[in-house]
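Understanding the architecture of this molecule
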Amino acid sequence: MKSLKRFAGSSLFLPVVSLLVLLLFNACFVDGFLSLQVTEDGRLYGRLIDILTRSSSLIILALGMTFVIATSGIDISVGAVVAISAAVVCMLIGGRGDGVAETPMALAMLASVCVGILCGAWNGLLVAKFKIQAVVATLILMTAGRGVAQLLTEGQIITVYYKPFAYISGVLPGMPLPTNLFIALLMVLLVVFLMKRTSIGLFVQSVGINPTAARFAGINVTLVLFLVYAFSGFCAGVSGLIESSLIRAADANNAGLNMEMDAILAVALGGTLLSGGKFYVGGSVIGAVTIQTLTTTMYALGVSADQLPVVKAIAVVVICLIQSKKAQDMFDRFKARRAKKHAGGKAVDAL
Amino acid sequence: MKKILALVLTVMMMTVAAGCGGGATKSSGSGSGSGGKQITMGFSQIGAESEWRTANTESIKKAAEAAGINLQFSDAQQKQENQIKAIRSFIAQGVDIIAFVPIVETGWDTVLKEAKDAKIPVIVVDRDVKLSDDSLYAAKLGTDSLSEGKKVFDWIDSYMTKENKKPRDGGSQFNIVILEGTVGSSVAIRRQEGFKTEMEASQNASKYNILASQTGEFTRQKGQEVMESFLKSNRDKIDILFAHNDDMALGAIQAIEAAGLRPGKDITIVSVDGVKGIFQAMIEGKANCTIECNPLQGDLLMETAKKVLAGEKVEKLVYVDEGIFPADVAEKTLPERKY
């Protein structure tokens, strides 16, 4: 009971509740939502697995975004960086019909992640060193990035026929779950490790709350900011790998399209304020899963294509309201006022 | 010092953003005011969404070169506002003729009115538009999406009968799932309409049942994700997949394989377009048929443009030739495919 109470007071409570409500809704209205099967080759198969697999790249993006937002910045270029990273890996492996890789896959993967870091470093340079506002600084790459990706792919969709490439987002032989899920898990563990074992989390938080005070306290604010954006770029690079492997192709126009918005939404749903400061990595991860659950729910319910965005928007508004402190306060006050009115009414009756 | 640096950076940023934002690959030749008799055509393409679109773009660029027309090419990157901006800039440049592939059907009246006021004829290419006034364009040129949808159903019906297929759930009806294109696009609307009307009019209408229909936005990724969801709900019921384009079918094939079913065998797959990728899949036996939607519209476009500018009378609707390619001819056809 005590632990339950503590959980209710914790920052994770509301995001978890929103997700659980959504899952409960699904369990009630979608046939076989919770069912899990094991296929002949030992894979797990079911909607829950789909949700986790599909949300893995968003989880990774949300991790990077959490740090950026914690420093009261924002990175709206991640979607475009995903496209660049996807373009690089597919271009290097090559779209040869006979299924031979032009560059060893490990090298191609490394290159695309490095390109992601490079993009992040560029953002970091603009924000940390040149003190350009984060929205403006990352806007450059957001618009230019897709152009770069198109240049790399020459406007084509490069389809990779090299079989092992599919393993990044597919299932390795003998494994029960898709590899991208493990990649996401690994990234989460990495971040948790950094938070628990180093003081990076504290640095990021203090920069977000008050950069001047942080500087006087001896924190290298410029370096922290730079690293935060570089890390976000790294996350986008990894996401690009996953996204391209999912469809075994690089689609410069559509890879990672609007994912920056989803990542920001995931962080916001997770309880981190966009004004920076305190941040919740766990909340962001849950936020990312919530967003994907929502999408999957829409498909499962068969919401017609033209109504999809509206229904999704309403659901997001409701989730945000559930989590909003202000809305809660208003609700409480409304309740209190009604109770008072009620009591007042009774008093009049008594007279 | 800092101010100067900031200024330099801002200028740099703006050039980068402007240069790449449009993603435009300009063809050779000067911008405004075509010199002498050379015709300048402003062309707004919707973006490189698929191999098909790339072939369409290539065909138009090549044909322009061959016809000696100066092509101002602009890539809208899947956004209507970019297209409207491009058309406005064509008008400002004073091109001789404007051609564009409308990404959605509606919302073009104002900008086309501006073109009309500037006395620049407009040719609508490949997709359809809904306008209050038909005089806003000189000609519509492209593929007949309605008949493509009809061909899909006809082929499915004859194939199911020929192969003597039985519904997998043991019922009396074949269950069809449909991956639709971008919501509101003329192609998606017409292909769906053609398919449905042909199905309703068919004497075998009672043998088919549309189980689910959802947009896959013409992309591989969404096609895969939506098919995944269809399979979760009705894994053992789906007999037929109709994808509004090949790319969504290619995405769906991967989803079907992941679900442990055999694409092309357990689920009959028919799509529209005829890109190389689907031919490859048909050779591997993973898809059954593609209805060609011919993207090689360049020559016809240039010819029509010249006629319009010469003041000759042209048909308001001009269609290119299209064929049907089932899996058994895929191997023979693939080397001949240009896209």
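Residues and elements named next belong to chain A. The end-to-end C-alpha separation of helix H4 (residues 78-93) is 23 Å, in line with the 22 Å expected for 16 residues at 1.5 Å each. Of all 16 residues making up H4, 16 are buried, and the element is well covered by its neighbours. A positive phi of about 90° marks Gly94, the residue just after H4.

Residues and elements named next belong to chain B. For strand E1 (residues 40-45), the buried fraction is high: six of the six residues fall into the buried class. Burial along E1 is two-sided: the face carrying Thr40, Gly42 and Ser44 and the face carrying Met41, Phe43 and Gln45 are both buried. Across six bridges, the pairing between E1 and strand E2 (residues 70-75) is parallel. Among the inter-strand pairings, Ser44 is bridged to a residue of E2, identified as Ser74.

Residue and element names in this part refer to chain B. According to the domain assignment, chain B consists of domain 1 (22-142 + 295-321) and domain 2 (145-293). Between domain 1 and domain 2, the C-alpha centre-to-centre distance is 32 Å. A per-class count over the side of domain 1 that touches domain 2 returns three nonpolar, one polar and five charged.

Taken together, the contact pairs 34 residues of chain B with 32 residues of chain A. Among the secondary structure elements, those contributing two or more residues to the side of chain B that touches chain A are helix H1 (2-21), helix H2 (51-67), strand E7 (208-215), helix H7 (220-234) and helix H9 (276-283) of chain B. Top contributing element to the side of chain B that touches chain A by residue count: H7 of chain B, with nine residues. A per-class count over the side of chain B that touches chain A returns nine nonpolar, 18 polar and seven charged.

Residues and elements named next belong to chain A. With 21 residues, helix H12 (residues 281-301) should cover 30 Å at 1.5 Å per step; its first-to-last C-alpha distance of 30 Å lies within 8% of that length. Counting buried residues in H12 gives 17 out of 21 residues, a clear majority hidden from the surface. At the exit of H12 stands Gly302, carrying a positive phi of roughly 75°.

Turning to the sheet that holds strand E8 (residues 238-243) of chain B, a few remarks are in order. Residues and elements named next belong to chain B. In spatial order, the strands read E7-E6-E8-E9-E10-E12; together these six strands make up an open sheet with mixed pairing. What marks the edges here is a single partner per strand, and that holds for E7 and strand E12 (324-326). The average undirected angle you get between the axes of adjacent strands in this sheet is 15°. One ladder, built from five bridges, connects strand E6 (residues 174-180) with E8; its direction is parallel. Each bridged residue has a counterpart across the sheet, and for Ile178 the counterpart in E8 is Phe242. Of the strands in this sheet, E6, E8, strand E9 (268-273), strand E10 (289-292) and E12 touch helix H5 (residues 145-162), which is tilted by about 155° from E9.

Calculation notes
Residues numbered from 1 in each chain as written. Chains lettered and ligands numbered in written order. Predicted model: local features only at pLDDT ≥ 70, side-chain atom pairs only at ≥ 80, totals over all residues. Helix = DSSP H or I, 4+ residues; strand = E, 2+ residues; numbered from the N terminus. Expected span 1.5 Å × (residues − 1). Buried ≥ 20, exposed ≤ 12 C-beta atoms within 10 Å, placed from the backbone. Pairing = 2+ DSSP bridges. Domains from an automatic or database assignment. Nonpolar A, V, L, I, M, F, W, Y, C, P; charged D, E, K, R; others polar. Contact = placed C-beta atoms within 7 Å. Axes fitted to C-alpha atoms, helices over the stretch in contact; angles between N-to-C directions.

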